[in-house]
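The chain contents come next:
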Amino acid sequence: MIDIELIRKKPEYVKERLATRDKSLTDLVDQVLDLDGRRRGIIAKVESLRAERNRKSKEIGKLRREGKDTSALEEEVRHIKEEIDRLEEDLRKVREDLRKLMLRIPNLPHPSVPVGEDETQNVEVRRWGEPKEFSFDPRPHWEIGEMLGILDFERGATLAGSRFTVVKGLGARLERALINFMLDLHTEKGYREVIPPHLVRPEIMEGTGQLPKFEEDLYRCDRDDLYLIPTAEVPLTNLFRDEILREEDLPIYLTAYTPCYRREAGSHGKDVRGIIRQHQFNKVELVKIVHPERSYEELESLVRDAEEVLRLLGLPYRVVELCTGDLGFSASKTYDIEVWFPSQGRYREVSSCSNCEDFQARRMNTRFKDSSGRNRFVHTLNGSGLAVGRTLAAILENYQREDGSVEVPEVLRDYVKADIISPG
RNA sequence: GGAGAGGUGGCCGAGCGGUCGAAGGCGGCCGCUUGCUAAGCGGCAGAGGGUUAACAGCCCUCCGAGGGUUCGAAUCCCUCCCUCUCCGCCA
């Protein structure tokens with residue numbers, strides 16, 4: 001949620017910033033202004049009536065104790081109450097409308113974010129590693145996975161439908177190795193490991209911005225009114241909702257491995273082969289809860305922490321800064337990390353690192369008490385560190401050999417307890 | 001799932017339908033006292049909102065959440081959420 005006071009005080013600025021995402025968003029600002037004006041008008045009336053009621057009710061108490069007649073006053077208060085009830089009904093409606101509207105307005109892009117309409121206008125920031133030259137035609141990971149008997153798409157589909165895959169044998173162990181490797185690396189850097197619930201309440205989804213706008217992308221357990229998390233960002237970031245932290249508690253660094261569940265509504269036809277786009281995939285997530293004045297340096301180090309995984313794995317990658325039009329709903333600024341896929345001859349996203357500033361903190365009501373004693377919203381950041389399934393796919397492709405076997409990256413050998421994964 | 005108990009300020013814990021945003025204790029902050037520490041004394045401290053130049057003043061709301069009764073509710077009634085105890089079931 002963006003600060004309504006900012007909308008009130010600098011509506012043109014807010015419109016200008018939102019327009020860099022999508023020009024149609026500026027209308028929403030005018031709607032907010034209108035509703036907010038009405039809301040405050042009603043509040044002023046209700047409150048003065050309430051003050052009057054309070055005074056008169058106290059008066060009644062006093063007179064009664066003195067044994068005097070109060071029926072006339074009581075009648076007055078009854079009328080005031082009716083008036084209050086009417087106004088409160090209006091207020092409830094206006095507030096509800098305003099809230100619904102506010103929850104659907106995305107975060108303002110940071111001024112440093114390049115303006116652009118879609119992913120084609122994202123800006124490459126840096127590259128690391130050289131894509132390997134193969135002496136043969138590199139196979140796509142799904143072919144390698146099937147040849148090695150570690151990826152089973154048919155049985156996955158039998159069990160749960162398309163975009164579900166069964167990982168087997170050394171493939172499963174490689175995946176588990178990646179998870180452990182990533183968690184070990186991040187916890188050494190000071191991130192605290194967490195195992196959160198994978199099912200959360202609607203208001204938790206609202207806190208990080210998945211709801212109300214992206215309901216169709218989520219799996220919901222109707223009977224219990226719970227949602228499956230699409231990323232560990234959701235439970236981790238919400239961990240301190242409705243809390244006032246101490247300044248010295250910041251920054252808080254968290255990491256978690258969880259499966260992620262996404263309906264992938266609207267992505268029909270994209271990445272239908274392989275494990276790039278699955279309804280369920282594993283991810284190790286990084287979350288930071290930080291002092292607002294330091295969130296941008298924290299974003300840079302967050303990206304570095306995620307990059308470190310790929311460096312140690314020896315996978316070529318690049319870092320891309322998302323343009324305004326490609327930015328996610330809650331983010332002010334985002335870097336994507338993309339790893340090289342030889343079979344596709346291009347880089348594919350394995351991590352997305354965002355600074356959400358106080359956008360999520362407002363929704364979750366997570367604050368801290370600063371040195372002058374004022375309560376302020378924290379800034380929240382999140383980043384994949386990394387998407388495990390995609391990293392596995394990248395390893396299969398980048399480390400493949402002509403005979404179909406796959407070399408295990410050096411840093412994973414102790415975890416996997418093998419140097420090579422061979423067919424059979 | 002069944003039976004019972006309970007949810008009050010950073011923590012513990014009182015609270016008669018009106019004078020309660022709430023006693024008291026602990027913890028916190030600021031003074032004073034004081035070789036140091038400890039103790040003692042005095043004072044200050046909740047959250048959100050409206051008005052406003054204002055983190056001043058005034059006003060409104062908040063005692064798990066939401067409804068209701070009442071002239072008036074932390075106190076009475078209903079629903080929900082959560083916690084604890086016992087029983088049942090269970091990895």
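Above: the structure in question.
What you see is a predicted model; the values in this text were computed from it and never measured.

1. What about the protein's contact with RNA strand B?
Near RNA strand B you find 22 residues, and of these Ser57, Arg64, Val77, Arg78 and Arg367 are the closest. Counting only atoms of RNA strand B within 4 Å of the protein, the sugar-phosphate share comes to 73%. The side chain of Arg39 places a nitrogen or oxygen atom 3.3 Å from a phosphate oxygen of RNA strand B. Elements supplying a minimum of two residues to the surface near RNA strand B: α3 (26-65), α4 (71-103) and β14 (367-369). Counting residues per element, the surface near RNA strand B draws most heavily on α3, which supplies 12 residues.

2. A few points about the packing of helix α7 (residues 169-188) against helix α10 (residues 295-313)
Between α7 and α10, the least distance of the axes is 11 Å, while the angle of their chain directions is 130 degrees. By the angle between their directions, the pair α7 and α10 is classed as oblique. Between α7 and α10 lies a crossing whose hand is right-handed. Along the contact surface, α7 presents Leu178, Phe181, Met182, Leu185 and His186, while α10 presents Asp305, Glu308, Val309, Leu312 and Leu313. Across the contact of α7 with α10, the residue classes break down as seven nonpolar, one polar and two charged.

The rules behind the values
- Residues numbered from 1 in each chain as written.
- Chains lettered and ligands numbered in written order.
- Predicted model: local features only at pLDDT ≥ 70, side-chain atom pairs only at ≥ 80, totals over all residues.
- Heavy atoms only, no water.
- Near = heavy atom within 4 Å.
- Polar contact = N/O pair within 3.5 Å; in protein donor to acceptor, adjacent residues only side chain to side chain.
- Helix = DSSP H or I, 4+ residues; strand = E, 2+ residues; numbered from the N terminus.
- Axes fitted to C-alpha atoms, helices over the stretch in contact; angles between N-to-C directions.
- Parallel < 35°, antiparallel > 145°, perpendicular 65-115°, else oblique.
- Left-handed = near helix turned anticlockwise from the far one by under 90°.
- Contact = heavy atoms within 4.5 Å.
- Nonpolar A, V, L, I, M, F, W, Y, C, P; charged D, E, K, R; others polar.

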